[in-house]
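# Fold and contact review
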Amino acid sequence: MTVKVLFVCLGNICRSPMAEAVFQKMVDDAGLADKIAVDSAGTGSWHVGEKAHQGTRRVLAQHGIEYNGRARQVRHNDINPQTYIIAMDQSNLNDLQRNFGQHPRFYRLLDFASQNDVQDVPDPYYSGNFEYVYQLVVDGCAGLLATIQQQEGL
Ligand code: 4NP
């Protein structure tokens, strides 16, 4: 059975596409591409259909990671028990819980990080600090993959 992972932020143009691309590369490198399906979405609809923000595309390219996704909004059928739903910050998590109720697999990405002084991936839409966001995303994604491998016996 395929494990699903859905990264969620507000706009689905900055943080969650970056996490999707970083995690997909980790999954590919671990030889688990046929076991783990990776996707991302936003709680908001403002940017539906758009490419990722150029800051996200640039930082991914600098780290040799490809990404061609387009923004979409979270849908009811994304929320199912087989899916790890990974919010980028507490506000995203609150929005998910308000819109979709409780779910056994709602998490924040940095719950899985090795550093524990930052719990929320900051929004680079205003700060422009995409490299800092990338470093946090890599840390969280590495911990997430290890957790999924352990929990799912992969
Ligand atoms: P993201 O960043 O949630 O990381 O994709 C944002 C993108 C757009 C907006 C806010 C955050 N916005 O207000 O349009």
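Before any of the text, the structure's been laid out above.
Since the model is a prediction, treat every value here as computed from it, not as a measurement. All residue numbers here refer to positions counted from 1 along the written sequence of the relevant chain. Reporting of local features is limited, given that this is a predicted model, to residues whose pLDDT is at least 70; pairs of side-chain atoms are given and counted only at 80 or more, and all residues count toward the totals for whole chains, interfaces and linings. Values reported for side chains reflect all heavy atoms of the structure, with hydrogen atoms and water molecules removed beforehand.

Think of an α-helix as turning once every 3.6 residues; residues three or four places apart then point the same way. Gly-55, Thr-56, Val-59 and Leu-60 are the residues of helix H2 (residues 54-62) that are buried. An end-on view of H2 places all buried positions within 130° of arc, on one side of the element. Exposed residues on H2 whose side chains face more than 90 degrees from its buried face are Ala-61 and Gln-62. In what follows, residue pairs with any heavy atoms lying within 4.5 Å of each other are defined as contacts. By definition, any uninterrupted DSSP run of H or I lasting at least four residues is a helix, any uninterrupted run of E lasting at least two residues is a strand, and each is numbered from the N terminus. Those residues of H2 that are buried lie in contact with helix H1 (15-29) and helix H5 (130-152). Backbone geometry just downstream of H2 places Gly-64 in the positive-phi region, at approximately 70°. Per-residue accessibility, obtained with a 1.4 Å probe over protein chains only, is compared with the maximum for each type, and a residue is labelled buried under 20%, exposed over 50%, and partly exposed between these values. Directions drawn from the helix axis to the C-beta atoms are what define this arc.

So, about the pairing of strand E3 (residues 83-87). Of all five residues in E3, five are buried; the element is thus mostly enclosed. Residue alternation in E3 divides its side chains into two sets, Thr-83, Ile-85 and Ala-87 and Tyr-84 and Ile-86, and both sets are buried. The pairing criterion for strands is at least two bridges between them, as found by DSSP. Examined bridge by bridge, strand E1 (residues 3-9) and E3 share five bridges and lie parallel to one another. Pairing of Val-5 across the sheet is with Tyr-84, part of E3. Here a crossover is taken to be right-handed if, once the strands point away from the viewer, the path from the first strand over the helix to the second is traced clockwise. A crossover connection joins E3 to the parallel strand E4 (residues 106-108) through helix H3 (residues 90-100); in handedness this β-α-β unit is right-handed.

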